[in-house]
Amino acid sequence: MQPLLRSNQSATTDRVLENPVSNAFEAVGLKKDFDDGAVQALRSLDLQIPEGEFIAITGPSGCGKTTLLQLLGALDRPTAGTLAFRGVSIPDLPDPSAYRSQEIGFVFQSFHLLPTFTALENVQIPMLETRMPSAKRRDRARELLKSVGLERRLNHFPSKLSGGERQRVAIARSLANNPSVLLADEPTGNLDSDNAVMILDLLTKIQQEKRMTLVLVTHDDRVAHRAARIIHMIDGHAVSDRQTGNGVCQ
Amino acid sequence: MSFVTVVFRGLIRRRTRTTLTLLGISIGIAAVVALVGLSRGLNKSWAAGMRARGTDVVVSNMTSSLVPKPFNATVRDRIAHLPHIAATCSLLVDLMSVENTEMIMVSGREWGGFTWANLKLISGRMPNDAQEKAVVLGRTAADVLKKKVGDPIQIETAELKVVGIVDGNAWVENGSVILSLPLLQEITDDQDRINVIDVRLTPGTSRADVQSLCEQINQLVPEARAIVASENLNQSEISRIVGAMSWSTSLLAVLVGVLGVMNTMLMNVFERTPEICVLLALGWKRRRIVELVLWESAILGLLGGIIGVFIGVAGVRLLGATPSIRGLLEPDIGIRLLAVSVAIAILVGVVSGLYPAWRSSRVTPSQALHG
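Note that the structure is a prediction, hence the values are computed from the model and not measured. (Residues numbered from 1 in each chain as written. Chains lettered and ligands numbered in written order. Predicted model: local features only at pLDDT ≥ 70, side-chain atom pairs only at ≥ 80, totals over all residues. Heavy atoms only, no water.)

Taken residue by residue, the interface counts 28 residues in chain A and 23 residues in chain B. Both sides of the chain A and chain B interface together cover about 2500 Å² of buried area, and 61% of this is carbon and sulfur. A per-residue breakdown of the area chain A buries against chain B is headed by L75(A), L128(A) and E129(A), which together make up 23% of the total. Linking chain A to chain B there are 3 salt bridges. The residue R9(B) makes a salt bridge to E121(A) at a minimum N-O spacing of 2.6 Å. Remark: the boundary between chain A and chain B carries 10 residue pairs in polar contact (both at pLDDT 80 or more). (Contact = heavy atoms within 4.5 Å. Buried area = accessible area lost by both parts, 1.4 Å probe. Salt bridge = Lys/Arg side-chain N within 4 Å of Asp/Glu carboxyl O. Polar contact = N/O pair within 3.5 Å; in protein donor to acceptor, adjacent residues only side chain to side chain.)

In total, this model carries 6 aromatic pairs over all chains according to the counting rule given. Their ring planes at 10° and their centres at 5.7 Å tell us that F106(A) and F108(A) sit as a pair that is stacked. Given the relative accessible area of 2%, F108(A) is considered buried. Ring centres of F3(B) and W284(B) lie 6.2 Å apart, and the angle between their planes is 40°; on these two criteria the pair is classed as tilted. Of the two residues, F3(B) is situated in helix α1 (residues 3-12) and W284(B) in the loop between α9 (273-281) and α10 (286-320); the sequence distance between them amounts to 281 residues. Owing to a relative accessible area of 0%, W284(B) belongs among the buried residues under this scheme. Cluster of aromatic residues (ring-pair linked, three or more members): F25(A), F85(A) and Y99(A). We note R288(B) situated over the ring of F3(B); from NZ or CZ to the ring centre the distance is 4.5 Å. (Phe/Tyr/Trp six-rings, centres within 6.5 Å; stacked < 30°, edge-to-face > 60°. Buried < 20%, exposed > 50% of the residue type's maximum accessible area, 1.4 Å probe, protein only. Helix = DSSP H or I, 4+ residues; strand = E, 2+ residues; numbered from the N terminus. Lys NZ or Arg CZ within 6 Å of the ring centre and 35° of its normal.)

Attention shifts here to the nonpolar core. Membership of the largest hydrophobic core comes to 74 residues, with the highest contact counts inside it found for F25(A), L68(A), I125(A) and W284(B). At 7 residues, helix α11 (residues 335-361) of chain B tops the list of elements feeding residues into this core. Look past the residues within four positions of F25(A) in its chain and what remains in contact with it is L47(A), Q48(A), I49(A), L72(A), A84(A), F85(A), I90(A), Y99(A), I104(A) and V181(A). (Core = buried A, V, L, I, M, F, W, Y, C linked by side-chain atoms within 4.5 Å.)

Counted by the stated rule, this structure contains 26 salt bridges over all chains. When the shortest N-O distance is used, the salt bridge between E110(B) and R76(B) registers 3.1 Å. Here the residue E110(B) occupies a position in the loop between β4 (101-109) and β5 (120-124), and R76(B) occupies one in helix α3 (residues 74-79), the gap between them amounting to 34 residues. The class for E110(B) is buried, based on a relative accessible area of 18%. Through salt bridges that share partners, E129(A), R287(B), R288(B) and E291(B) make up one connected network.

With that out of the way, let us pick up the packing of helix α2 (residues 15-53) of chain B against α10(B). To characterise two packed helices, one gives the angle between the axes of the helices and the distance between these axes. All names here are of chain B. At a minimum axis distance of 6 Å, the contact between α2 and α10 shows a crossing angle of 45°. It follows from the interaxial angle that α2 and α10 lie oblique. Crossing of α2 over α10 shows right-handed handedness. Looking at the contact of α2 with α10 residue by residue, the classes come out as 15 nonpolar, 8 polar and no charged. (Axes fitted to C-alpha atoms, helices over the stretch in contact; angles between N-to-C directions. Parallel < 35°, antiparallel > 145°, perpendicular 65-115°, else oblique. Left-handed = near helix turned anticlockwise from the far one by under 90°. Nonpolar A, V, L, I, M, F, W, Y, C, P; charged D, E, K, R; others polar.)

What follows is about the sheet that holds strand β2 (residues 39-50) of chain A. Residue and element names in this part refer to chain A. On the basis of which strands lie adjacent, the open sheet formed by 4 strands has the order β2-β1-β4-β5 and antiparallel pairing. Both edges of this open sheet fall to β2 and β5 (88-89), since each of them pairs with a single strand only. Note: strand β1 (residues 23-34) against strand β4 (residues 80-85), 5 bridges, orientation antiparallel. Across the sheet, the residue bridging to F25 is F85, located in β4. Across the sheet, helix α2 (residues 65-72) is in contact with β1, β2 and β4; its angle to β2 comes to roughly 60°. (Pairing = 2+ DSSP bridges.)

Residue and element names in this part refer to chain A. Most of α2 sits inside the fold, with 7 of its 8 residues counted as buried. For α2, the full list of buried residues reads K65, T67, L68, L69, Q70, L71 and L72. A positive backbone phi angle near 55° is found at A74, which sits one or two residues after α2.

So, about the pairing of β4(A). One ladder, built from 2 bridges, connects β4(A) with β5(A); its direction is antiparallel. Bridge pairing links A84(A) to S89(A) in β5(A).

To continue, consider the sheet that holds strand β8 (residues 213-218) of chain A. All names here are of chain A. In spatial order, the strands read β6-β7-β8-β3-β9-β10; together these 6 strands make up an open sheet with mixed pairing. Pairing within the sheet leaves two strands with one partner each, and these edge strands are β6 (104-107) and β10 (237-243). Each strand axis lies, on average, 15° off the axis of its neighbour in the sheet, ignoring direction. Examined bridge by bridge, strand β7 (residues 181-185) and β8 share 5 bridges and lie parallel to one another. Considered in β8, the bridge of L183 is made with V215. Across the face of the sheet, α2 comes into contact with β3 (54-58), β6, β7, β8 and β9 (229-234) while running at roughly 150° to β8. Along the sheet, helix α7 (residues 193-210) makes contact with β3, β7 and β8, crossing β8 at roughly 155°.

In this model α2(B) runs 54 Å from its N-terminal to its C-terminal C-alpha over 39 residues, within 8% of the 57 Å that 1.5 Å per residue would give. Taken across its 39 residues, α2(B) has 28 buried, putting it largely inside the fold. (Expected span 1.5 Å × (residues − 1).)

Turning to the side chain of S101(A), a few remarks are in order. Assignment of secondary structure puts S101(A) in helix α3 (residues 96-103). With a relative accessible area of 8%, S101(A) lands in the buried category. Residues in contact with S101(A), not counting those within four places in the same chain, are E129(A), N177(A), L282(B) and G283(B).

Structure below.
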């Protein structure tokens, strides 16, 4: 565990309550180029995301929203600018995997469950990097799957689950190590409307109950309006940043 | 669920490919077990034969063939008087085609020599004298030739009679057709030629005395070479060639196994790149991914090694039962050879996994968010 990031793993919620306006993420002049500058995915982006906020990043394909998510999750490094998590520079983290393991939960559009593992085992995968005893891992996975309504699907393989159920397993997995931030990339993109509503309800409920920071990337305005704040991006720039009045953490 | 579960699930994901890879390694390891076992068996059988005949020192010329080169029978008289020599026995041994058998050891022994003494009669009798047109068969040779006491046997153009079946206490002895030296010399038209002198030493002869005796014999008879019996075959050129060929053929087979595992693991890594990205995104360290690939390939090696050992042992037993091999040599497949073979297989697995593991460590985790 990185003391640099967190002095007490279970203190995330308390800290948010003590200082509700502190920033989870802060970016200044953030740039990301690909192909030696031929593609500019992010162009001098300034951004602040307070702890416990539900924020939606919208925009057309190629506007840089997924790239932003990658940088927030330390999956890639910015070309220029600064990006900090709780005041600590993300590109300079000595162990980005520890940061991802302890602070970040990812939810992907294509679920990305491992096909040869059951729902219960998939949820345990992130916990294998911790020192949690095997029995405790299993209990926690069971508890998380129960919390997303899949207590009857514990031993089902992904191929035997519906799209909505798969995404619920993925959400349970993202919560495995009790992260303070959820990064969701088009989490309803592969779901029908009923399942999409259910997943959004679930994410909103989790965000509010756990007072997590939720950054959700979507190109769907209806999905975005579930967030408290919407940042609209075009060509690597944030062209609008507005509050919706929804999903505000009390 | 543990890390080991992840390793095994990775392997069973592509069952057919994993099975074929295991088969590839198994065949390589089976080749190691079989060829090295047979090669070592050659030496062991020869040494056992020497012990069974009660031979301490062998005088022969085995530098370039499986059977010794002939030399004049008078060599025996030139060395018989040397100190520490209790007895000598001249032999003419050859690998010959006898009736329908492609190759069998035929051993002509000096009549009355000590090498007859260790043969235990199972049935029949010993030849009456050196001139009797008779042979005794080692029990394996009798099986291979399908002969019993009283049957005729043809060696080259000579019609002889099987008068006894014997147990010689060693594979080489049991796999031999044994007859008197003058008879074999007559049949092979090698009068006055022998190719082995078995020497028995006086009890209590020290190691230094044995060495000294060998040196004296080597000076006296340059056409042959005296060697302590247990070292005899190890020092022959043919033994070295057989050993080298066994290992080199085995290593080639193992190399094929290496390429097989490497191919499988590379395919695994390429196919599972999205999965590896997800694991990295979920907080797995790169080191852990490398460990995953190396463990998978090491377990492929271990399983392939175990299966290969079974195939190798079964193959050698099958080969040992074939008429052309049976009775000639006893495969030497000890626990050590099996353990070394499995260790080689694990090493093959780990070495084969190194490049795929390195490739897996180069994966960019941001790919997890694409598609």
